[in-house]
Amino acid sequence: MIENIVVLMLENRSFDHLLGFFPGGPNFDGLKGDEANYEQPVTQSGLKVTVSRDAPVVPDVDPGPDHDVPNVHIQLFGQAGPYPDDPNAPHNNGFLYDYAQVTHEVATAAHVMRCHDPANVPTLTALAQEFAICDRWFSSVPGPTWPNRFFAHAATSGGHSDNAIRIYGMRTIYENLHDTGKTWRIYFHDFPQSLALEHQLQFAFTNYEYIDEFFKAAEAGTLPQYTFIEPRYFNEGPFRANDMHPIHGVVGGEQLIADVYEALRKGSQWENMLFVVVCDEHGGLYDHVLPPKAVNPDGLVSPEFDFSHLGVRVPAIVVSPWIPKGTIASTVYDHTSILATVRDVFGLGTSLTQRDAQANTLLSLLTEPAPRDDAPMTLPRATDDTQALHYAAQVDHRPLSRFQTSLVTCANALAKRAPGLLPEPLSSALATTEREGAVIAKFAYGALRVAARDVMH
């Protein structure tokens, strides 16, 4: 039935922020419209801000909310401290308060409660209507990008809950695929964050390709059995980031989703395809659902978190001609559900950790008796005017975000593995803008790839 799995993981949007107002019917856990946060969450006092469906496409929420583990705890429970034992205790009530610590005034902090009307995200809306929208897909960690992306690759973050540069030696799904003779690729735009995983460096030359190669393979019908796509993380010259990370907006990400879907739909591998669109974490944006408990993957903990709970809910859509149109999937998933699905589809046998061993797979969504032939060939996109506004708003001389800084730091660390191949002054450069960060990251990857090629030959 399924012979190819493609995963596109975007950045930093909560489920409610993008899909809370999706018209999913009575069985859909979306927004009622009366969900609110107070200026003072514990006492339920001060300014009350109710969710709204007027989040603008341009400009995006700016500055981006914080979403480190301590921030997420405040967003969920309105204060620091241990997770409450009472599941009925007030929750998801501190987003406004936490964002006000960034904006320094509550009126602007109210933007964290603004969600998108379905018309604002036409690509995601159409895809959700045609296939399966998952209203119980949670990020794997109530924290930032790196640990959540690591869970998507390794079913653990090695006991770490931040974006710091260190040796991440966890075994990955790619090693399991490689060892069983299965084919896989990671396609990326400017820099692959997954190379922060130590064991991925051995594949830098053989299994990493720029995104253009994905579209060529989709057209030729030669996509590998497992594909993971990383978006463009930086604005650089004529290229616009399409990762959806605030403040990059959602238009570029929707364009990428449509491009990938249409390439898969038109390709000869479509009938046996499973395509997953998901965000890595919520980015500090409002969601009303309390994350459930989870098993610690490997017994490791960080000073901030014991990995006993999932992170905040994120948008996730599962696409396949084997999925009935208009499916609402309310099974609990997290990013390790991808790995559990890959394990079972390709007969890998063993799991990576306790987390993916216990994760629900996506296979129960495939209930059509035969592949559907009515899936659309194209998806709706933002209007030309909206795209132009988005393009104009995404300048490349903005200061680097903390996430982008972590990518540049990672790139510089990788470049040190290829001495003499990164030209001066880039070998010791410190980036301050998105464009500079993109240049350093791309040159560093190029140097690493050349070094990997030379080792192989």
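Here the structure is a predicted model, which means the values were calculated and not measured.

Undergrad: An account of helix α2 (residues 69-77) is needed here, citing residue identities and associated values.
TA: The buried fraction of α2 is high, at eight of nine residues. Among all positions of α2, only Val 69, Asn 71, Val 72, His 73, Ile 74, Gln 75, Leu 76 and Phe 77 are buried. Buried positions along α2 lie against α3 (95-103). Taken from the residues just after α2, Gly 78 is the one with a positive phi, measuring 80°.

Undergrad: Could you give me a rundown of the nonpolar core, with the residues and numbers involved?
TA: Of all hydrophobic cores here, the largest spans 109 residues; its most connected members are Trp 137, Phe 214, Tyr 226 and Val 318. Listed in part, the 17 residues of the second largest apolar core include Ala 100, Val 106, Ala 109 and Met 113.

Undergrad: Can you break down the layout of surface pockets residue by residue, with the values?
TA: Roughly 510 Å³ of volume is contained in the largest pocket. In this structure, the largest pocket is lined by 27 residues; those nearest its centre are His 245, Pro 246, Ser 401, Arg 402 and Phe 403. Counting residues per element, the lining of the largest pocket draws most heavily on helix α13 (residues 402-415), at four residues. For the lining of the largest pocket, the class distribution of residues is nine nonpolar, eleven polar and seven charged. What lines the second largest pocket is a set of 18 residues, and nearest its centre among them are Arg 240, Asn 242, Gly 252, Gln 255 and Asp 259. Breaking the lining of the second largest pocket down by element, the ones donating at least two residues are α8 (211-220), α9 (251-266) and α12 (384-393). With five residues, α9 is the largest single contributor of residues to the lining of the second largest pocket. Grouping the amino acids of the lining of the second largest pocket by side-chain chemistry returns seven nonpolar, six polar and five charged.

Undergrad: I'd like a rundown of the side chain of Asp 396, residues and numbers included.
TA: Position of Asp 396 among the secondary structure elements: in the loop between α12 and α13. Given a relative accessible area of 15%, Asp 396 falls into the buried group. For Asp 396, the side chain forms a polar contact with the main-chain nitrogen of Gly 237, separated by 2.7 Å. With residues near it in sequence (within four places) discarded, Asp 396 still touches Asn 235, Glu 236, Gly 237, Thr 433, Glu 434 and Arg 435.

Undergrad: Give me the lowdown on unusual backbone geometry, citing residues and values where you can.
TA: One can expect most non-glycine residues to show negative phi and most peptide bonds to be in trans. Residue Val 58 is joined to Pro 59 through a cis peptide bond whose omega torsion reads 0°. Looking at the element boundaries, Pro 59 is found in the loop between β3 (45-50) and α2. Along the chain, Pro 246 connects to Ile 247 via a cis peptide bond; the corresponding omega equals 20°. With respect to the helices, strands and loops of the structure, Ile 247 is situated in the loop between β7 (226-229) and α9. Located in the positive-phi region is Ala 155, a residue other than glycine, with phi close to 65°.

Undergrad: Lay out empty space enclosed by the protein with the relevant residues and their values.
TA: Overall, the coordinates contain two cavities of 30 Å³ or more when judged by the stated rule. Roughly 40 Å³ of volume is contained in the largest cavity. Around the largest cavity sit Leu 10, Leu 18, Leu 124, Met 244, Ile 257, Val 277, Cys 279, Pro 315, Ala 316 and Ile 317, which together line it. Of the residues belonging to the lining of the largest cavity, the class tally is ten nonpolar, no polar and no charged. The space that makes up the second largest cavity amounts to roughly 30 Å³.

Undergrad: Could you give an account of the environment of Trp 146, naming the residues involved and the relevant values?
TA: Among the structural elements, Trp 146 can be located in helix α6 (residues 145-154). Residue classification places Trp 146 among the buried residues on the basis of a relative accessible area of 0%. On a C-alpha basis, the gap between Trp 146 and His 160 in space is 9.1 Å, while along the polypeptide they are 14 residues apart. Look past the residues within four positions of Trp 146 in its chain and what remains in contact with it is Asp 162, Asn 163, Ala 164, Ile 165, Tyr 168, Gln 193, Ala 196, Phe 403, Ser 406, Leu 407 and Cys 410.

Undergrad: Give me the packing of aromatic side chains: which residues, what numbers.
TA: Tallying each qualifying case throughout the model produces 23 aromatic pairs. When the ring of Phe 150 is compared with that of Tyr 168, the centres are 4.5 Å apart and the planes differ by 50°; the resulting orientation is tilted. Taken as a pair, Phe 150 in helix α6 and Tyr 168 in the loop between α6 and α7 (173-179) lie far apart in primary sequence, 18 residues in all. Between Tyr 261 and Trp 270, the ring centres sit 5.7 Å apart and the planes meet at 85°, which makes this aromatic pair edge-to-face. Neither Tyr 261 nor Trp 270 differs from the other in exposure class; each is buried.

Undergrad: Residue-level account of the packing of α9 against α12, with values.
TA: Angle between the axes and distance between the axes: these two values describe a pair of packed helices. Where α9 contacts α12, the axes come no closer than 10 Å and their chain directions differ by 125°. Comparing the axis directions of α9 and α12 gives the class oblique. Each of Val 251, Gly 252 and Gln 255 in α9 lies in contact with α12, whose residues at this interface are Thr 386, Gln 387 and His 390. Here the residues of the contact of α9 with α12 sort into one nonpolar, five polar and no charged.

Undergrad: Talk me through the pattern of salt bridges; I want residue IDs and the actual numbers.
TA: Summed over the entire model, instances satisfying the criterion amount to 23 salt bridges. The residue Glu 11 makes a salt bridge to Arg 149 at a minimum N-O spacing of 2.8 Å. In this pair, Glu 11 sits in the loop between β1 (4-10) and α1 (15-19) while Arg 149 sits in helix α6, placing the two residues 138 residues apart along the sequence. As far as the burial class goes, Glu 11 and Arg 149 line up, both buried. A salt bridge links Arg 313 to Asp 16; the shortest N-O distance between them is 2.8 Å. Of the two residues, Arg 313 is situated in the loop between β8 (273-279) and β9 (316-319) and Asp 16 in helix α1; the sequence distance between them amounts to 297 residues. Each member of the pair, Arg 313 as well as Asp 16, is classed as buried. Salt bridges sharing common partners tie together Glu 130, Lys 325, Arg 372 and Asp 374.

Rules of the game
- Residues numbered from 1 in each chain as written.
- Predicted model: local features only at pLDDT ≥ 70, side-chain atom pairs only at ≥ 80, totals over all residues.
- Heavy atoms only, no water.
- Buried < 20%, exposed > 50% of the residue type's maximum accessible area, 1.4 Å probe, protein only.
- Helix = DSSP H or I, 4+ residues; strand = E, 2+ residues; numbered from the N terminus.
- Contact = heavy atoms within 4.5 Å.
- Core = buried A, V, L, I, M, F, W, Y, C linked by side-chain atoms within 4.5 Å.
- 1 Å grid on protein atoms, 1.4 Å probe; cavity = no way out; pocket = protein on both sides within 12 Å on 5 of 7 lines; lining within 4 Å.
- Points joined across faces, edges and corners; volume = space filled by probe spheres on them.
- Nonpolar A, V, L, I, M, F, W, Y, C, P; charged D, E, K, R; others polar.
- Polar contact = N/O pair within 3.5 Å; in protein donor to acceptor, adjacent residues only side chain to side chain.
- Phe/Tyr/Trp six-rings, centres within 6.5 Å; stacked < 30°, edge-to-face > 60°.
- Axes fitted to C-alpha atoms, helices over the stretch in contact; angles between N-to-C directions.
- Parallel < 35°, antiparallel > 145°, perpendicular 65-115°, else oblique.
- Salt bridge = Lys/Arg side-chain N within 4 Å of Asp/Glu carboxyl O.

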